[in-house]
Amino acid sequence: DGGITQSPKYLFRKEGQNVTLSCEQNLNHDAMYWYRQDPGQGLRLIYYSQIVNDFQKGDIAEGYSVSREKKESFPLTVTSAQKNPTAFYLCASSRRPGSGIYNEQFFGPGTRLTVL
Amino acid sequence: AQRVTQPEKLLSVFKGAPVELKCNYSYSGSPELFWYVQYSRQRLQLLLRHISRESIKGFTADLNKGETSFHLKKPFAQEEDSAMYYCALHNNAGNMLTFGGGTRLMVKP
């Protein structure tokens, strides 16, 4: 079950620590995305990247940081500044966005982060 | 601002009963809408998109611009339809999606 992978599946962090979630894809997709999934709130966009070495803030970027040094990888760091980090995090990728045309986003299996 | 609303967090029906998962949206432009589904222990995946006008696994959804709705319907629910369903709106300015809060569908035997 390749395509887009996330690791680890479960992650525990002590309050005040930064933690990095991994997202890798072998679909040759240009665009990658990070979402946070909370019960009753659906998915909310944290960061997205449409091309290597470029990324943009989503709706809830505060307390998070990303990098996009390689096409295949889009790691997300949850910093100690994130006030409520316990959540399920989903990574997605898609072909390069066309002019107004939606290119399907493919999702990874997710990482459940728990802050102790 | 664009918004997607799914008023029901949980919908429980018996097998063979019709099912309708509600989705309403607000968007100033021409909307492009989707339904995503997440089965237990599986990844979130695209179920259908309004532009395709297709029926997937017996589900259909019609875009009603007058009522700003995109409800998902199936005439006879099956137990394997039990899952989390998300309605999503495409942001034409990029490839971003705005998701609703999700509806958990439970189909009882």
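On a predicted model such as this, the values are computed, not experimentally measured, just so you know.

(A) Molecular detail of unusual backbone geometry. The omega torsion across A:S7 and A:P8 is -10 degrees, close enough to zero to call that bond cis. As for its placement among the helices and strands, A:P8 is situated in the loop between β1 (4–7) and β2 (10–13). Unlike most non-glycine residues, A:N28 shows phi in positive territory, near 60 degrees. Mapped onto the secondary structure, A:N28 falls in the loop between β3 (19–25) and β4 (31–38). If you check the backbone angles, B:K57 has positive phi at about 55 degrees while not being a glycine.

(B) Structural context of the environment of A:V19. Residue and element names in this part refer to chain A. Topologically, V19 is positioned in strand β3. A residue is classified by how much of its surface remains accessible, and V19, at 11% relative accessible area, is buried. For the pair V19 and G110, spaced 91 residues apart in the sequence, the C-alpha separation amounts to 15 Å. If sequence neighbours within four positions are ignored, V19 has contacts with L11, R13, L76, T77, V78 and L113.

(C) Expanded view of the interface of chain A and chain B. The partner chain B presents 19 residues to the 26 residues of chain A that form the contact. Interface area, chain A with chain B, both sides summed: about 1,800 Å², of which 52% is carbon and sulfur. When residues of chain A are sorted by the area they lose upon contact with chain B, A:L43, A:Y102 and A:F107 head the list and together hold 35% of the total. At the surface where chain A touches chain B, the tally comes to one salt bridge. Of the charged contacts, one joins B:R49 and A:E104 as a salt bridge, the two residues approaching to 4.0 Å between their closest N and O atoms. Joining chain A to chain B, the criterion identifies five residue pairs in polar contact (both at pLDDT 80 or more). Split by residue class, the side of chain A that touches chain B holds 13 nonpolar, eleven polar and two charged.

(D) A look at the pairing of strand β6 (residues 45–49) of chain B. All names here are of chain B. With respect to burial, β6 is a largely interior element, four of its five residues being buried. In this sheet, β6 lies alongside strand β5 (residues 33–38) in antiparallel orientation, the contact comprising four bridges. Bridge assignment links F34 to a residue of β6, and that residue is R49. The turn linking β5 back onto β6 is made up of six residues, and R41 within it adopts a positive phi angle of 65 degrees.

(E) Inspection of the sheet that holds β3(A) at higher detail. Residues and elements named next belong to chain A. Overall, antiparallel pairing links the four strands, which are arranged β1-β3-β8-β7 in an open sheet. The outermost strands of the open sheet, each flanked by one partner alone, are β1 and β7 (64–66). Strand-to-strand twist of the sheet, defined as the mean angle between neighbouring strand axes without regard to direction, takes the value 20 degrees. Bridge analysis of β1 against β3 gives four bridges, and the strand direction is antiparallel. The residue bridging I4 from the neighbouring strand is Q25, located in β3.

(F) Examining the nonpolar core more closely. Of all hydrophobic cores here, the largest spans 24 residues; its most connected members are B:W35, B:L72 and B:Y85. Here this core gets four residues from one element, more than from any other, and that element is strand β9 (residues 83–90) of chain B. The next biggest cluster of nonpolar side chains, apart from the first, holds 21 residues, and it includes A:Y102, B:Y36, B:Y86 and B:F99.

(G) Seen up close, a nonpolar patch on the surface. All names here are of chain A. On the surface, Y10, F12 and L116 cluster together into a nonpolar patch covering about 390 Å² of accessible area. Within the secondary structure, L116 is located in the segment after β11 (111–115). You can call L116 exposed: its relative accessible area is 62%.

Quick notes on the rules
Residues numbered from 1 in each chain as written. Chains lettered and ligands numbered in written order. Predicted model: local features only at pLDDT ≥ 70, side-chain atom pairs only at ≥ 80, totals over all residues. Heavy atoms only, no water. Helix = DSSP H or I, 4+ residues; strand = E, 2+ residues; numbered from the N terminus. Buried < 20%, exposed > 50% of the residue type's maximum accessible area, 1.4 Å probe, protein only. Contact = heavy atoms within 4.5 Å. Buried area = accessible area lost by both parts, 1.4 Å probe. Salt bridge = Lys/Arg side-chain N within 4 Å of Asp/Glu carboxyl O. Polar contact = N/O pair within 3.5 Å; in protein donor to acceptor, adjacent residues only side chain to side chain. Nonpolar A, V, L, I, M, F, W, Y, C, P; charged D, E, K, R; others polar. Pairing = 2+ DSSP bridges. Axes fitted to C-alpha atoms, helices over the stretch in contact; angles between N-to-C directions. Core = buried A, V, L, I, M, F, W, Y, C linked by side-chain atoms within 4.5 Å. Patch = residues over 30% accessible without salt bridge, like charges linked within 9 Å, V, L, I, M, F, W, Y side chains within 5 Å. Areas by Shrake-Rupley, 256 points an atom, 1.4 Å probe, with all protein chains shown as cover.

Treat this as a map of the structure, not an account of what it does.
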